[in-house]
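Letter by letter, the chains look like this.
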Amino acid sequence: MKTALITGGSRGIGAATVEQFAKNGYTVILNYNASERQAQELRQRLISENCDVHLFKADVSDFAQVSAMFDWVSQYFKRLDALVNNAGVSLSKQVQDVTEREFDRVMDVNVKGTFFCCQRALPLLLKGENASIINLSSIWGLQGASCESVYSASKHAVLGVTRSLADELAQTSVSVLAVCPPMVLTDMSSNYSQAEIDGFCRETSTKAYTPAEVAEAIYQAASSPSNGKIIKL
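Residues numbered from 1 in each chain as written. Predicted model: local features only at pLDDT ≥ 70, side-chain atom pairs only at ≥ 80, totals over all residues. Heavy atoms only, no water.

Draft legend 1. Region of the structure containing the packing of helix α1 (residues 12-23) against helix α2 (residues 36-48). α2 packs onto α1 with a crossing angle of 20° between their chain directions and a minimal axis gap of 11 Å. With respect to each other, α1 and α2 are oriented roughly parallel. As for the relative orientation of α1 and α2, their crossing is right-handed in sense. Taken together, the residues of α2 that come into contact with α1 (itself represented by A15, V18, E19, A22 and K23) are L42, R45 and L46. Of the residues belonging to the contact of α1 with α2, the class tally is five nonpolar, no polar and three charged. (Axes fitted to C-alpha atoms, helices over the stretch in contact; angles between N-to-C directions. Helix = DSSP H or I, 4+ residues; strand = E, 2+ residues; numbered from the N terminus. Parallel < 35°, antiparallel > 145°, perpendicular 65-115°, else oblique. Left-handed = near helix turned anticlockwise from the far one by under 90°. Contact = heavy atoms within 4.5 Å. Nonpolar A, V, L, I, M, F, W, Y, C, P; charged D, E, K, R; others polar.)

Here it is, written out as structure tokens:
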């Protein structure tokens, strides 16, 4: 049985991705930080459907917690076939209103977390055949937008990590890819009105995706990995 670790797996895209992998026969390690109740409820529901799901609480912005998580995976699961770096935080503010603390939090979760999860997962991924790292970027990792400077910078950085690591691992069995969703109907987008969502979709020539639709794209990317591919939804 293949094993996948999904960060930020208790809500939104992460929860849908946990469900997608689990229902396709993976043993899934669901990483969460603050949303313990949601993580427990999702695990119990999937177990009742004969899925194999395990929980690990860790803040991916904290290197010590990330290291402890992968030490635990190494001890109990021995290897990984997929790592999905989904954990992320958003920030929508004009440049002059962003505090240093807000800037650091976005970068620590979105960039530092992604980087060190890749680093610590790599020995486990190299034990498998055709293993994959799927990093979650965003449409704002491909372009900028008003009031999205910090979030956009972090998601551009995720693409930089993806491309660089794909090149670094080109001669190995591990593929590194990124998925770039546009508007996704999760808690992160709940502050937008329907008119704003419709306007965004018109301006970007995209649609608003459900978490399940993004999860399907992530699963397909892991199932047929093409090293270095940047998948724009």
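Draft legend 2. Local environment of the nonpolar core. Membership of the largest hydrophobic core comes to 33 residues, with the highest contact counts inside it found for F21 and I218. Here this core takes six residues from helix α7 (residues 211-223), the largest share from any one element. By size, the runner-up hydrophobic cluster in this structure holds 27 residues, among which are I29, V73, A121 and V176. (Core = buried A, V, L, I, M, F, W, Y, C linked by side-chain atoms within 4.5 Å. Buried < 20%, exposed > 50% of the residue type's maximum accessible area, 1.4 Å probe, protein only.)

Draft legend 3. Seen up close, the pairing of strand β5 (residues 131-136). Where burial is concerned, most of β5 is hidden: six out of the six residues are buried. Burial of the side chains of β5 extends over both faces: A131, I133 and N135 are buried on one face and S132, I134 and L136 on the other. Pairing between strand β4 (residues 82-85) and β5: four bridges, direction parallel. Residue V84 lies in a different strand from β5, and its bridge partner there is I134. With helix α4 (residues 100-125) bridging β4 and the parallel β5, this β-α-β connection has right-handed handedness. (Pairing = 2+ DSSP bridges. Right-handed = clockwise from strand over helix to strand, strands pointing away.)

Draft legend 4. Layout of the pattern of salt bridges. Taken as a whole, this structure holds nine salt bridges when the rule is applied. Two residues, K23 and E19, come together in a salt bridge whose shortest N-O distance is 2.7 Å. Placement of both K23 and E19 in helix α1 is noted, with a separation of four residues, approximately one turn of the helix. For R45, the salt bridge is made with E49, and the minimal N-O distance between the two is 3.6 Å. Look at R45 and you get partly exposed, because its relative accessible area is 35%. (Salt bridge = Lys/Arg side-chain N within 4 Å of Asp/Glu carboxyl O.)

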